[in-house]
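Observations on the three-dimensional arrangement
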Amino acid sequence: MKITLDNIVLNDDSFELDVKSIKRGTIKRYAPGIDGGLCIDLGVQARKLEQRGKLCVKSEAELQRAIEAINLLIDGLLHTLKCPDGRTFDNLLIEEFEAGTVVKSGAYISCPYHINYIQQV
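Summarised in this report is the structure supplied together with it. Owing to the predicted nature of the structure, the values given are computational and were not obtained by experimental measurement. (Residues numbered from 1 in each chain as written. Predicted model: local features only at pLDDT ≥ 70, side-chain atom pairs only at ≥ 80, totals over all residues. Heavy atoms only, no water.)

Core analysis: the largest hydrophobic core is formed by 22 residues, its most contacted members being Leu5, Leu10, Leu55, Leu63, Leu81, Ile115 and Tyr117. Elements that contribute at least two residues to this core include exactly strand E1 (3–5), strand E6 (47–57), helix H1 (60–72), strand E8 (88–99) and strand E10 (108–119). The element best represented in this core is E10, accounting for five residues. In this structure Leu10 touches Ile3, Leu5, Gln51, Leu55, Ile70 and Tyr113, once residues within four positions along its chain are discounted. (Core = buried A, V, L, I, M, F, W, Y, C linked by side-chain atoms within 4.5 Å. Buried < 20%, exposed > 50% of the residue type's maximum accessible area, 1.4 Å probe, protein only. Helix = DSSP H or I, 4+ residues; strand = E, 2+ residues; numbered from the N terminus. Contact = heavy atoms within 4.5 Å.)

Take a look at the structure:
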């Protein structure tokens, strides 16, 4: 199984995904002269995911198309990431995408990349 981001197949030979824990939002308020404080529970908040890897394709034009396709997903809408191990992450907002220096080696062209997501829960 390949890595897909909204049906865009990422030809990635060194995929890493760091899934952060879900955080709970709170507001704490204190008043002078009162012993103790007030804590308001805002419920479960979003969590962050960081994806790193290397896009590997056969031509420079194909690499540019892949980079442009990912850039078009930074649109404020929610997306889905499917991992090679079968995990699926829905409701992802792409916060940042960075593509590194292009490396030509043999019959392939590759570049490292980094994507930051915020998963809405």
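What follows continues from the structure just given.
Glancing now at the pairing of strand E7 (residues 79–82). Side chains His79 and Leu81 project from E7 onto a buried face, and the interleaved Thr80 and Lys82 project onto a face without burial. By the bridge criterion, two bridges tie E1 to E7 in an arrangement that is antiparallel. By the bridge assignment, Leu5 is partnered in E7 with Leu81. Looking at chain direction, E7 and E8 are connected through three bridges and run antiparallel. Bridge pairing links Leu81 to Phe89 in E8. The hairpin formed by E7 and E8 contains five residues between the paired strands, and Gly86 there has a positive phi angle of roughly 95°. (Pairing = 2+ DSSP bridges.)

Phi at Asp6 takes a positive value of approximately 50°, unusual for a residue other than glycine. By the secondary structure assignment, Asp6 is in the loop between E1 and strand E2 (8–10). You can call Asp6 partly exposed: its relative accessible area is 29%. The phi dihedral of Asn91 falls on the positive side, at around 60°, and the residue is not glycine. Here Asn91 shows up in strand E8.

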